[in-house]
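Read off the chains here:
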Amino acid sequence: MKKIGVLTSGGDCAGLNAAIRGVVLHASHHYGCTVYGIRQGTHGLIHRPVLADILDPKDMNDDVLRKGGTFLGTINKGNPFHFPMKDGTYQDISQTVIDGFHALGLDGLIGIGGDGSTAILQKISKAGNIPFVAIPKTIDDDIGSTDHSIGFLTALDVATDSLDRLHPTAQSHNRVMILEVMGRDAGHIALNCGIAGGADMILLPEIPYKIDAIAAFLKNKTSAIIVVAEAAERESGEKSTVKNELGNVTRYAGIGDYLSRELSGKISAEIRVTVLGHIQRGGSPCAKDRIFASAFGVHAVDTLLAGRTDRLVVWSGGEVKDISINDGIGIYRSVDIHGSLVRTARGLGISFGEENV
Ligand code: F6P
């Protein structure tokens with residue numbers, strides 16, 4: 001195997017460049033491979049000419065390690081098996097992706113993505129007979145087979161820092177501050193930052209709450225901080241979503257404003273809402289994200305070059321390993337409502353907005 005491709009797919013996050021760097025340095029220096037960076041995920045393989053460049057190990061310096069986003073670009077729409085055409089129809093154009101890969105003369109592919117992108121890339125690799133190894137990234141931390149996915153810890157630091165900044169202003173004005181954080185569809189960022197940042201209340205998709213219970217809890221407070229996960233449901237059980245022109249849900253947004261509206265008539269304190277949004281995905285990766293990303297990049301190369309294909313690189317039991325992709329992305333991790341972190345939060349007096357708890 002002398003020529004391998006690397007691409008990033010799905011939503012970006014901090015640490016992707018560190019993983020690409022790990023792939024390029026190890027594949028070039030240890031195995032003498034040429035690494036092609038494929039631009040814009042699968043879009044780069046659909047485009048003609050194919051969007052890809054040889055990545056020079058000399059360019060993989062410390063700036064790359066520190067930089068947020070992905071210098072290759074990425075895409076989180078346009079599934080090649082159900083691709084939206086200009087005339088409004090959907091077509092399977094996966095063969096175009098496969099042809100694009102073979103046009104580069106590549107011997108194998110490393111894809112850095114979340115569970116959705118990895119499933120698509122796996123299907124393409126099987127259909128096109130492409131040796132494929134995946135690296136997990138997601139700020140949502142919902143890939144259950146790995147203790148760490150690239151991006152989560154940096155997003156957590158950003159959310160925690162935001163809580164540190166909200167506390168003083170909440171106290172100065174005797175206000176209730178609601179911080180809406182990302183997480184589709186799991187509440188890991190909310191739960192973890194709520195503990196790390198000393199929140200009074202954490203609202204999660206995994207634990208139903210009652211508006212009246214939240215109001216009763218807040219009545220005894222002069223100021224308070226509520227962290228809410230974007231995927232938390234309204235009291236009715238509906239999610240707060242944004243839809244595209246076809247009426248399909250594209251993302252979550254609005255649960256913070258919903259809570260503010262529902263609570264405003266029930267408590268006397270003023271309420272302000274901060275939606276943290278994509279700030280959680282940007283910026284320089286924290287040290288651990290750089291370390292996991294580098295370890296994943298190096299191990300993905302070793303796995304591919306050892307002839308193991310259809311593998312997901314994971315961090316498990318303090319080590320980097322590879323497991324079958326089906327095993328890897330088949331395990332979804334939501335917040336364990338009986339787990340240590342929920343018990344820790346309860347032990348600290350943090351409310352989940354439930355009735356009679
Ligand atoms: O899956 C990562 C994620 O950041 C989610 O937490 C969030 O709901 C979604 O992507 C946002 O997607 P987009 O970048 O399309 O707005």
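Parameters and conventions
Residues numbered from 1 in each chain as written. Predicted model: local features only at pLDDT ≥ 70, side-chain atom pairs only at ≥ 80, totals over all residues. Heavy atoms only, no water. Core = buried A, V, L, I, M, F, W, Y, C linked by side-chain atoms within 4.5 Å. Buried < 20%, exposed > 50% of the residue type's maximum accessible area, 1.4 Å probe, protein only. Helix = DSSP H or I, 4+ residues; strand = E, 2+ residues; numbered from the N terminus. Domains from an automatic or database assignment. Contact = heavy atoms within 4.5 Å. Buried area = accessible area lost by both parts, 1.4 Å probe. Salt bridge = Lys/Arg side-chain N within 4 Å of Asp/Glu carboxyl O. Polar contact = N/O pair within 3.5 Å; in protein donor to acceptor, adjacent residues only side chain to side chain. Nonpolar A, V, L, I, M, F, W, Y, C, P; charged D, E, K, R; others polar. Pairing = 2+ DSSP bridges. Axes fitted to C-alpha atoms, helices over the stretch in contact; angles between N-to-C directions. Parallel < 35°, antiparallel > 145°, perpendicular 65-115°, else oblique. pLDDT = per-residue confidence, 0-100.

A few words on the nonpolar core. Core analysis: the biggest nonpolar cluster contains 62 residues, and V6, I110, V181 and I202 have the highest contact counts within it. Per element, the largest residue contribution to this core is 9 residues, and it comes from helix α6 (residues 152-173). When we break this core down by domain, the ones giving at least three residues each are domain 1 (3-150 + 285-316) and domain 2 (154-281 + 336-347). Not counting residues within four places of it along the chain, the set of residues in contact with I202 comprises A190, L191, G194, I195, V227, A345, I350, S351 and F352. Core analysis: the second largest hydrophobic core is formed by 23 residues, I38, V50, F81 and I143 among them.

This next bit is on the domain arrangement of the protein. Annotation of the protein at the domain level lists domain 1 (3-150 + 285-316) and domain 2 (154-281 + 336-347). The distance between the C-alpha centroids of domain 1 and domain 2 comes to 33 Å. Facing 12 residues of domain 1, the contacting portion of domain 2 comprises 13 residues. Counting the surface lost from both domain 1 and domain 2, the interface buries some 970 Å², and carbon and sulfur atoms represent 48% of this. Of all residues in domain 1, D12, I139 and D140 give up the largest surface area on contact with domain 2, accounting jointly for 51% of the area buried on that side. Here domain 1 and domain 2 share 1 salt bridge between them. With its nearest N and O atoms 2.8 Å apart, the salt bridge here joins D12 to R281. Across the contact surface, domain 1 and domain 2 share 5 residue pairs in polar contact (both at pLDDT 80 or more). Tallied by class, the residues present in the side of domain 1 that touches domain 2 amount to 6 nonpolar, 1 polar and 5 charged.

Once that is clear, we can look at the sheet that holds strand β14 (residues 311-316). Spatially, β3-β2-β1-β6-β7-β14-β15 is the arrangement adopted by the 7 strands of the open sheet, whose pairing is mixed. The open sheet is flanked by β3 (52-54) and β15 (319-324), the only strands paired with a single partner. Averaged over all neighbouring strand pairs, the angle between strand axes comes to 25 degrees, with direction disregarded. The pairing of strand β2 (residues 34-38) with β3 spans 3 bridges and is classified as antiparallel. Pairing of Y36 across the sheet is with I54, part of β3. Its contacts with the sheet place helix α5 (residues 115-128) against β1 (3-8), β6 (108-113) and β7 (132-136), and it is angled at close to 180 degrees to β7.

Attention shifts here to the packing of α6 against helix α10 (residues 287-305). The contact between α6 and α10 brings their axes to 7 Å, and the two run at 170 degrees. Our classification of the angle between α6 and α10 gives roughly antiparallel. Along the contact surface, α6 presents F152, L153 and T154, while α10 presents K288, D289 and F292. Counted by class, the contact of α6 with α10 contains 3 nonpolar, 1 polar and 2 charged residues.

Counted according to the given criterion, the structure contains 14 salt bridges. Among the ionic pairs, D322 bridges to R308, the shortest N-O distance being 2.9 Å. Of this pair, D322 sits in strand β15 while R308 sits in the loop between α10 and β14; the two residues are 14 residues apart in sequence, bridging distant segments of the chain. The class for D322 is buried, based on a relative accessible area of 12%. Among the residues examined, R308 registers a relative accessible area of 34% and is labelled partly exposed.

This next bit is on the confidence of the model for the protein. Looking at the protein as a whole, its pLDDT mean stands at 97, while 100% of the residues score no less than 70. Averaged pLDDT values for the elements of the protein fall to 93 in strand β12 (residues 249-252) and rise to 99 in helix α7 (residues 188-196).

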